[in-house]
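Observations on the model geometry
If you want the building blocks of each chain, they are given just below.
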Amino acid sequence: MEVYLDHAATTWCCESVKEIVVKTMVEDYGNPSSMHKKGVEAEGYVKRAKEIIARQLKAKEKEIYFTSGGTESNNLAILGTAMANKRNGKRIVTTAIEHAAVQEPVKRLEELGFETVILPVDSQGVVSMDALEEALNPETILVSVMYVNNETGSVQPVEQIAGILREKAPGALFHVDAIQAFGKYRIYPGRMGIDLMSVSGHKIHGPKGAGFLYVREQSRIQPQILGGGQQGGMRSGTDNVPGIAGLGAAVDEIYRDFDKKTKHMYQMKELLAYGLARMEGVLVNGMDVRLGAPHIVSASFTGIRSEVLLHALEDKGVYISAGSACSTHKRAGSSTLTAMGMKPKQRESTVRFSLCEDTSQEEIEYCLEILGEIVPVLKRYARR
């Protein structure tokens, strides 16, 4: 039996996505910038995807910009905002648990002379509101906070943060990395006080290499890729029509029967988390099951290195992660787990299980059964 529990790393493409991607690669393959029929056909797919996304966000179509995925969206939001607003101030505020696609652009800005403030989190992975209030001042031009943490599933109080930001630093822009939250929560950036929001397609059964950045109208942001002036000059380069069309189809699909899907994920998460908690020497990390995101469970297996457990499960057909797929080689030094106060031994024994709306009870039970068999064996080897 094969059990894939690494959906926070990537998901398979759903059927509607596969069909439209193939169609736009082999039939309607025109360049959307071309003025002939083939180009117009291709442009129609891009417009349709933008319509679907804007409708889901209750946003304007002109506020949606397609990118190559979450990393580019985060970079465009952070670097673009800083470059466009540096005359108003140079303070950037973010948190200690951000993805590398936020951490690294912030570090680059620091090298360029910007002031950066890194907010702490508690043992549940939730950012300190007191620290946020203290960090905000008239020099603040950007606050960047992830909605759902990719390693632990901790959820940030995005609307509360937006409220504090509007009160303490009304001139600053608020960027939200929603890569693990989109498709798991209904998100309406305009209503929630979000100015910029990053989303990646392959986390919601869409194609890899496609994502978007929501940019609230009138937000000042400087393009980071220059060239042919596509997408109103915000993101030059020939539009990735198959990726964009597939992304639109994925967004359309992921929010169908949304409440039913979310309920099922929480049920499967509870089954998994409670099963893990009953095992000797296993700690389930982060927020309470129902308070955290519906699809991520972080657990530490005392005395077993995460990589060892990962490969032992792989041998039995169960696929999990030793952390963020983008930075597994840095696992022992995970900034998220460190910020939550975990000791090195616990960090080194922490793995991530991540579900999707199709994860079945049979799959969870099989995973728990295999863990029950191999964990005692691995612990005996570890003690030698």
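Throughout what follows, the structure given in this document is the object of discussion.

What counts and how
- Residues numbered from 1 in each chain as written.
- Predicted model: local features only at pLDDT ≥ 70, side-chain atom pairs only at ≥ 80, totals over all residues.
- Heavy atoms only, no water.
- Phe/Tyr/Trp six-rings, centres within 6.5 Å; stacked < 30°, edge-to-face > 60°.
- Helix = DSSP H or I, 4+ residues; strand = E, 2+ residues; numbered from the N terminus.
- Buried < 20%, exposed > 50% of the residue type's maximum accessible area, 1.4 Å probe, protein only.
- Lys NZ or Arg CZ within 6 Å of the ring centre and 35° of its normal.
- Pairing = 2+ DSSP bridges.
- Axes fitted to C-alpha atoms, helices over the stretch in contact; angles between N-to-C directions.
- Core = buried A, V, L, I, M, F, W, Y, C linked by side-chain atoms within 4.5 Å.
- Contact = heavy atoms within 4.5 Å.
- Salt bridge = Lys/Arg side-chain N within 4 Å of Asp/Glu carboxyl O.
- Patch = residues over 30% accessible without salt bridge, like charges linked within 9 Å, V, L, I, M, F, W, Y side chains within 5 Å.
- Areas by Shrake-Rupley, 256 points an atom, 1.4 Å probe, with all protein chains shown as cover.
- Lys, Arg positive; Asp, Glu negative; His and termini not counted.
- Charge placed at Lys NZ, Arg CZ, Asp CG, Glu CD.

1. Quick word on the packing of aromatic side chains
Applying the stated rule across the entire model yields five aromatic pairs. When the ring of tyrosine 147 is compared with that of tyrosine 185, the centres are 5.4 Å apart and the planes differ by 25 degrees; the resulting orientation is stacked. One end of the pair, tyrosine 147, is in the loop between strand S5 (140-146) and helix H6 (158-168); the other, tyrosine 185, is in the loop between strand S6 (173-177) and helix H7 (189-192), with 38 residues separating them in the sequence. Consider the rings of phenylalanine 182 and phenylalanine 212, whose centres lie 5.8 Å apart with planes at 85 degrees: the pair is edge-to-face. Taken together, the residues span a long stretch of sequence, with phenylalanine 182 in the loop between S6 and H7 and phenylalanine 212 in strand S8 (residues 211-215) at a distance of 30 residues. The buried category is assigned to phenylalanine 212, whose relative accessible area is 0%. Here the aromatic cluster, defined as three or more aromatic residues joined through ring pairs, consists of Phe182, Phe212, Tyr255 and Phe258. Above the face of the phenylalanine 114 ring, lysine 90 is positioned so that its terminal group lies 5.3 Å from the ring centre. Here the basic side chain of arginine 191 rests over the ring of tyrosine 188, its NZ or CZ set 5.0 Å away from the ring centre.

2. Points about unusual backbone geometry
One non-glycine residue with positive phi stands out, namely lysine 58, at about 55 degrees. Residue placement: lysine 58 occurs in the loop between helix H2 (37-57) and strand S2 (64-67). A positive phi is found at histidine 205, a non-glycine position, where the angle reads about 70 degrees. Locating histidine 205 in the fold gives a position in the loop between strand S7 (196-200) and S8.

3. Remarks on the sheet that holds strand S10 (residues 296-301)
Here three strands make up an open sheet; going across it, the order is S9-S10-S12 and the pairing antiparallel. Two strands close off the open sheet at either side, each with one partner strand: strand S9 (282-285) and strand S12 (350-354). Neighbouring strand axes in the sheet, compared pairwise and without regard to direction, differ in orientation by 30 degrees on average. In terms of strand pairing, S10 meets S12 through five bridges, oriented antiparallel. Its bridge partner being in S12, valine 297 is matched across the sheet by phenylalanine 353.

4. A few points about the nonpolar core
Formed by 68 residues in total, the largest nonpolar core has its most connected members in Tyr147, Phe174, Ile187 and Phe212. Residue contacts for isoleucine 187: discarding those within four places in its chain leaves Gln56, Leu57, Tyr147, Ala178, Ala181, Phe182, Met192, Ile194 and Met197. If you look at the next biggest cluster of nonpolar residues, it comprises 32 residues, including Ile320, Val351, Ile364 and Leu378.

5. What to know about the pattern of salt bridges
The final tally for this structure, using the stated rule, is 21 salt bridges. Across the pair arginine 48 and glutamate 51 runs a salt bridge whose closest N-O atoms are separated by 3.7 Å. Of this pair, arginine 48 and glutamate 51 both sit in helix H2, three residues apart, which is roughly one turn of that helix. On the accessibility criterion, glutamate 51 (32% relative accessible area) is partly exposed. Each of Lys23, Glu27 and Asp28 takes part in salt bridges that share partners, so that together they form one network.

6. Points about a positive patch on the surface
Together, Lys86, Arg87, Lys90 and Arg220 line one region of the surface with positive charge. Mapped onto the elements, lysine 90 comes out in the loop between helix H3 (70-85) and strand S3 (91-95). Given a relative accessible area of 35%, lysine 90 falls into the partly exposed group.

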